[in-house]
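# Summary of structural features
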Amino acid sequence: MTYQLYRNTTLGNTLQESLDELIQFQQISPKLALCVLHQFDRAINQALANKVRTRITFKANKLNTYRFCDNVWTFLMSEVEFKEVQEFAQVDRLKIVACDGRGEVQRQ
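What counts, and at which threshold
- Residues numbered from 1 in each chain as written.
- Predicted model: local features only at pLDDT ≥ 70, side-chain atom pairs only at ≥ 80, totals over all residues.
- Heavy atoms only, no water.
- Helix = DSSP H or I, 4+ residues; strand = E, 2+ residues; numbered from the N terminus.
- Rg over C-alpha atoms; globule rule 2.2 N^0.38 Å.
- Pairing = 2+ DSSP bridges.
- Axes fitted to C-alpha atoms, helices over the stretch in contact; angles between N-to-C directions.

Right, let's talk about the overall build of the chain for a bit. Helix and strand counts for the chain stand at 3 helices and 3 strands. Counted from the first residue to the last, the chain has its helices and strands arranged as α-α-β-β-β-α. Relative to the globule expectation of 13 Å for 108 residues, the C-alpha radius of gyration of the chain, 18 Å, shows a markedly less compact shape. Dimensions of the chain, computed from C-alpha atoms along their principal axes, come out at roughly 50 × 35 × 30 Å.

Printed below as a string of structure tokens:
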């Protein structure tokens with residue numbers, strides 16, 4: 001299963017707009033556009049799981065809300081500090097959506 005979370009990023013939105021334009025000018029079929037989006041979902045999930053090695057720690061002053069539904073955790077926090085080796089950042093509010101990144105075979 002691949003998650004479609006990254007379709008709402010700048011890259012994902014730009015891809016969808018480009019595919020919509022190609023469909024509008026009848027250069028590709030809607031079915032092909034859907035296949036491209038599914039491939040995007042698989043590729044971005046795989047790249048983030050296998051190629052990103054940066055670790056960031058964070059600490060929140062308050063955990064406002066947390067939910068677990070359909071294997072997806074959602075956390076809403078306030079006054080959050082991020083640290084990465086020499087870098088430091090702070091935000092007023094943060095929302096984290098965390099999905100199980102392992103494949104179906106590994107979950108069993």
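Further remarks concern the pairing of strand E3 (residues 87-99). Regular strands place side chains that alternate from one sheet face to the opposite one. Bridging between strand E2 (residues 72-84) and E3 involves 12 bridges; their strand directions are antiparallel. Considered in E3, the bridge of Met77 is made with Leu94. Here E2 folds back onto E3 in antiparallel fashion, the turn holding 2 residues, of which Val85 has a positive phi close to 40 degrees.

Pairing is antiparallel across the open sheet formed by 3 strands, whose spatial order is E1-E2-E3. Two strands bound the open sheet, and with one partner strand each, they are strand E1 (57-69) and E3. Taken over all neighbouring pairs, the strand axes of this sheet differ in orientation by 10 degrees on average, direction set aside.

On to the pairing of E1, then. As judged from the 11 bridges shared by E1 and E2, these two strands associate in the antiparallel manner. Note that in E2 the partner of Ala60 across the bridge is Val80. Hairpin geometry of E1 and E2 is characterised by an intervening segment of 2 residues between the two adjacent antiparallel strands and by a positive phi of about 55 degrees at Asp70.

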